[in-house]
Amino acid sequence: MDTSTYLERLEFLLADLPAAERQYAIAYYTEYLMDAEPEGAKAAMAALGTPESLAAQIKADIAMRSMSSPSTPSAGQNNSTADTNGASAKNTGPQGAFNAASQASSPGYEQAYPYQGPGQNPSIPAESPKDQSKSPLKVILIVLLAIFALPIGIPLAAAILGLVVAVFATVGSLILAIFAIGISLIVASVFVIVIGFILLFSQWATGLFYLGCGLLLLSFTLLFNLGMFYLFYWVFRGIAYLFNAIRMRLSNPPKAA
């Protein structure tokens, strides 16, 4: 596969990304491969992996960053992060260099694509907040697709698949159990409120007591369900970061001494 075919295939695979992100990625890798011409083009493409694998990695980086809140650093933070990204570029190859280059220091770039803050993986320029609203479940799916797009062996792929099934089976069973508890609490609170309302016409004091208990239980139930929603939101975020750490480890294996 020659350079132009590789880039055309990559652009096709990134067609579902926002235009700014897609154009930046294509521009970066076009420059990267053109700099390697003519002798090193094949080696450069081999280092990048197949267009399918590279596109999956780019999408995973974007998806992971979409879960992070944008922030504006001070000049000192910018400089220290730039140094960190430079070191990361040396250690992680062209993909790491791409991540660092996406925080280019030119004024036009910073105005169009604000820096996303330290500790994040800014592989592609930032989009508007509404474009960064990917759910953790969607991010997990994108990262998993990126993992299985990597050239990993069948035993390792089977082990990762087993881990994925185990994690989702555990979390799924917890969700079902908590969902059942939430439904039971709602039914119980409604039942107590109805009993209290009926007793109001015969034993108003007892009816008021039951109404108060029912409303208190209903309030607790709503708080419980809201708390469980945020709990599982953060659980799925944690799972996304776990799988992304696995992806980064597989895409940048440690070099032999």
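These numbers were taken from a predicted model, which means no experiment stands behind them.

**Student:** Please set out the pattern of salt bridges residue by residue, giving values where relevant.
**Tutor:** Tallied over the full model, the rule gives 4 salt bridges. D61 is the salt-bridge partner of R247, the closest N and O atoms lying 2.6 Å from each other. Here D61 lies in helix 4 (residues 51-66) and R247 lies in helix 9 (residues 204-251), a separation of 186 residues in the sequence. Each member of the pair, R247 together with D61, is buried.

**Student:** How would you explain helix 1 (residues 3-13) if you had to name every residue and give the values?
**Tutor:** Residues of helix 1 that are buried: T3, Y6, L7, L10 and L13. What you see down the axis of helix 1 is that its buried residues fit within an arc of 125°, all on one side. Among the exposed residues of helix 1, those pointing more than 90 degrees away from its buried face are E8 and F12. Elements in contact with the buried residues of helix 1: helix 2 (19-36), helix 3 (41-48) and helix 4.

**Student:** Any details on the nonpolar core? Residues and values, ideally.
**Tutor:** In this structure, V139, I140, V143, I147, I239 and F243 are the most contacted members of the largest nonpolar core, which totals 24 residues. Mapped onto this core, the elements with two or more residues apiece are helix 4, helix 7 (136-149), helix 8 (154-199) and helix 9. Ignoring anything within four residues of it in the chain, the contact list for I239 reads I140, V167 and V171. Core analysis: the next-biggest nonpolar cluster, separate from the first, contains 19 residues, L7, A25, Y28 and L48 among them.

**Student:** Got a sec to walk through the side chain of T221? Specific residues and values, please.
**Tutor:** Looking at the secondary structure, you find T221 in helix 9. A distance of 2.7 Å separates a polar side-chain atom of T221 from the backbone oxygen of L217. Residues in contact with T221, not counting those within four places in the same chain, are G182, L185 and I186.

**Student:** How would you explain the packing of helix 4 against helix 9 if you had to name every residue and give the values?
**Tutor:** At a minimum axis distance of 11 Å, the contact between helix 4 and helix 9 shows a crossing angle of 145°. Seen from above, helix 4 lies across helix 9 with left-handed handedness. Two secondary-structure elements touch here, helix 4 through Q57, A60, D61 and M64 and helix 9 through A240, Y241, N244, R247, M248 and S251. Residue composition of the contact of helix 4 with helix 9, grouped by class: 5 nonpolar, 3 polar and 2 charged.

Parameters and conventions
Residues numbered from 1 in each chain as written. Predicted model: local features only at pLDDT ≥ 70, side-chain atom pairs only at ≥ 80, totals over all residues. Heavy atoms only, no water. Salt bridge = Lys/Arg side-chain N within 4 Å of Asp/Glu carboxyl O. Helix = DSSP H or I, 4+ residues; strand = E, 2+ residues; numbered from the N terminus. Buried < 20%, exposed > 50% of the residue type's maximum accessible area, 1.4 Å probe, protein only. Arc of directions from axis to C-beta. Contact = heavy atoms within 4.5 Å. Core = buried A, V, L, I, M, F, W, Y, C linked by side-chain atoms within 4.5 Å. Polar contact = N/O pair within 3.5 Å; in protein donor to acceptor, adjacent residues only side chain to side chain. Axes fitted to C-alpha atoms, helices over the stretch in contact; angles between N-to-C directions. Left-handed = near helix turned anticlockwise from the far one by under 90°. Nonpolar A, V, L, I, M, F, W, Y, C, P; charged D, E, K, R; others polar.

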